[in-house]
Amino acid sequence: VPAPPSAGMPSSVPTNVGTMYNRGIEMAVNAQVIRKKNFSWSSSFNFNFNENEVTSLAPGLNRVLSSTSGLETVNITVPGSPVGSLFVTRTNGVDPATGRRIFINSQGRQVFYQFRAASGFNFEYADGTRAPNVSSADAVVYKNTNPRFVGGWDNTFNFGNFSLNTLFTYQAGFYVYWGTYAGLRDQRFWNNSTDVLRRWQKPGDQTDMPKAYFGDNVSNGSAFPLDVNVFKGDFIKLRTAQLSYNLPQSVLGKAKISSARFYVSGNNLLILTKYPGPDPEVSSNGTGSTNQGVDRNSVGNARTITLGVNIGF
């Protein structure tokens, strides 16, 4: 909120402007699955379910909008919905007769978009009459960016002098706005996606890609966020894996050292997801709660392989 200059404080200060709740269940199961002389297996599984909802904002404040690096406003925080929900304009496919993107305006009416280089963009109703321009002003609270299910499965196997540890993590029940997709399908000079190959070309074509017009940055979401760029972010990851070998005491005694352990480990080795971007866990806005779930030209978590040795004297 703004602060008066006479207060000798910064021009604005963070303030609690609302209330919300988190309700859910957290549980964990730990087990020694196998315990034998030369082999053992211990396992731990945890499960977390959470429901988030904003219940109120400060008097006179009916919503909080959050942008991504000044590019687009994709998140909204409003009472009755989860914090940082996606805020996008709805669409209804591509008109098979004309190849135009069909938008849904704030009144719930279908509006057909036709790019016109000379006069700017043009919106029409199905009967051909002129319609008010559709924009982010027609956006709706759309999807939840907060994972409803979060957890992991950790396993350790010991066999002789070898040890193997694996950790799988998962998140489910949330959505991501893939802003990169809008840029990849932008019909200005930086078009980089082969999606354009399935564009509408003749009456009767059934496709999700409208007719291509050079300069069109509206049909695919570059001008303002669209629901066609929202995807489920559910995933399972092999977060870490490590295989190690401890030299036996018979060898250690001869070398006059107390311990020696060789290992190879990896991080982010595998991801199972239907999310088309590089990594649904990465957010362009870091860990912000009111602007999460946005992937705009983000780089996925790096896959790393490490070789090492620990020696004790």
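Structure's up top.
Note that the coordinates shown come from a computational prediction; the quantities given were computed from them, not determined experimentally. (Residues numbered from 1 in each chain as written. Predicted model: local features only at pLDDT ≥ 70, side-chain atom pairs only at ≥ 80, totals over all residues. Heavy atoms only, no water.)

Draft legend 1. Local environment of the nonpolar core. Among the nonpolar cores identified, the biggest contains 11 residues, and these are Phe 103, Val 111, Tyr 113, Phe 115, Phe 123, Tyr 125, Ala 131, Val 134, Val 218, Phe 224 and Leu 226. The dominant element in this core, judged by the number of residues it contributes, is strand 8 (residues 110-116), at 3 residues. Val 88, Tyr 177, Ala 182 and Val 230 belong to the second largest nonpolar core, which has 7 residues in total. (Core = buried A, V, L, I, M, F, W, Y, C linked by side-chain atoms within 4.5 Å. Buried < 20%, exposed > 50% of the residue type's maximum accessible area, 1.4 Å probe, protein only. Helix = DSSP H or I, 4+ residues; strand = E, 2+ residues; numbered from the N terminus.)

Draft legend 2. View of the packing of aromatic side chains. On inspection of all chains with the given rule, the structure shows 17 aromatic pairs. When the centroid spacing of 5.1 Å and the interplanar angle of 50° are considered together, the rings of Tyr 113 and Phe 123 count as tilted. Of the two residues, Tyr 113 is situated in strand 8 and Phe 123 in strand 9 (residues 120-124); the sequence distance between them amounts to 10 residues. The same class applies to Tyr 113 as to Phe 123, namely buried. Both rings, one in Phe 162 and one in Tyr 245, keep their centres 4.7 Å apart while their planes meet at 45°; by these two values the pair is tilted. Taken together, the positions of Phe 162 in strand 12 (residues 162-172) and Tyr 245 in strand 15 (residues 235-246) put the pair 83 residues apart, joining distant regions of the chain. Taken together, Phe 103, Tyr 113, Phe 123 and Phe 224 form an aromatic cluster joined through their ring pairs. Over the face of the ring belonging to Tyr 181 we find Arg 185, whose NZ or CZ atom lies 4.1 Å from the ring centre. (Phe/Tyr/Trp six-rings, centres within 6.5 Å; stacked < 30°, edge-to-face > 60°. Lys NZ or Arg CZ within 6 Å of the ring centre and 35° of its normal.)

Draft legend 3. Expanded view of the pattern of salt bridges. Considering all chains together, one arrives at 11 salt bridges under this definition. With its nearest N and O atoms 2.9 Å apart, the salt bridge here joins Arg 188 to Asp 186. Look at Arg 188 and you get partly exposed, because its relative accessible area is 29%. Of the charged contacts in the structure, one is a salt bridge between Asp 234 and Lys 232, with a shortest N-O distance of 3.5 Å. Judged by relative accessible area, which is 45%, Lys 232 ranks as partly exposed. Through salt bridges with shared partners, a single ionic network connects Lys 237, Arg 239, Asp 279 and Glu 281. (Salt bridge = Lys/Arg side-chain N within 4 Å of Asp/Glu carboxyl O.)

Draft legend 4. Spatial organisation of a nonpolar patch on the surface. Together, Phe 159, Phe 162, Leu 243, Val 264, Ile 305 and Leu 307 make up a nonpolar patch on the protein surface, roughly 550 Å² of accessible area in all. Looking at the element boundaries, Leu 243 is found in strand 15. We classify Leu 243 as partly exposed; its relative accessible area is 37%. (Patch = residues over 30% accessible without salt bridge, like charges linked within 9 Å, V, L, I, M, F, W, Y side chains within 5 Å. Areas by Shrake-Rupley, 256 points an atom, 1.4 Å probe, with all protein chains shown as cover.)

Draft legend 5. Up close: unusual backbone geometry. Residues other than glycine seldom take positive phi values, yet Asn 268 does so here, at roughly 55°. Relative accessible area serves as the criterion here: at 17%, Asn 268 is assigned to the buried category. Despite not being glycine, Asn 297 has its phi angle at roughly 60°, a positive value. In this fold, Asn 297 is placed in the loop between strand 17 (294-295) and strand 18 (304-312).

Draft legend 6. Focus on empty space enclosed by the protein. All chains considered together, the criterion is met by 1 cavity of 30 Å³ or more. The space that makes up the largest cavity amounts to roughly 60 Å³. Considering each element in turn, the lining of the largest cavity owes the most residues, 3 residues, to strand 8. Here the residues of the lining of the largest cavity are counted per class, giving 4 nonpolar, 4 polar and 4 charged. (1 Å grid on protein atoms, 1.4 Å probe; cavity = no way out; pocket = protein on both sides within 12 Å on 5 of 7 lines; lining within 4 Å. Points joined across faces, edges and corners; volume = space filled by probe spheres on them. Nonpolar A, V, L, I, M, F, W, Y, C, P; charged D, E, K, R; others polar.)

Draft legend 7. Quick peek at the side chain of Ser 219. Of note, Ser 219 is situated in the loop between helix 1 (179-184) and strand 14 (230-232). Setting aside residues no more than four positions away along its own chain, Ser 219 makes contact with Arg 101, Phe 103, Tyr 113, Pro 210 and Leu 226. (Contact = heavy atoms within 4.5 Å.)

Draft legend 8. A look at the environment of Asn 268. Note that Asn 268 resides in strand 16 (residues 259-273). Through-space distance from the C-alpha of Asn 268 to that of Ser 6 is 51 Å; in sequence the pair is 262 residues apart. Those residues within four positions of Asn 268 in sequence are excluded, and the remaining contacts are Lys 237, Leu 238, Arg 239, Asn 301, Ala 302 and Arg 303.

Draft legend 9. Quick peek at the sheet that holds strand 10 (residues 140-141). Spatially, the 4 strands line up as an open sheet ordered 3-4-5-10, and their pairing is antiparallel. With partners counted over all chains shown, the strands left at the sheet margins are strand 3 (64-68) and strand 10, one partner each. Sheet analysis places strand 3 next to strand 4 (residues 72-77), joined by 5 bridges and oriented antiparallel. Each residue of the ladder has a partner; that of Ser 67, found in strand 4, is Thr 73. (Pairing = 2+ DSSP bridges.)

Draft legend 10. Focus on the sheet that holds strand 16. In spatial order, the strands read 1-2-11-12-15-16-18; together these 7 strands make up an open sheet with antiparallel pairing. Strands with a single pairing partner mark the edges of an open sheet, and in this sheet they are strand 1 (18-35) and strand 18. Ignoring which end each strand starts from, the neighbouring axes of this sheet average 10° apart. Where strand 2 (residues 39-57) and strand 11 (residues 149-159) come together, 11 bridges link them in antiparallel fashion. (Axes fitted to C-alpha atoms, helices over the stretch in contact; angles between N-to-C directions.)

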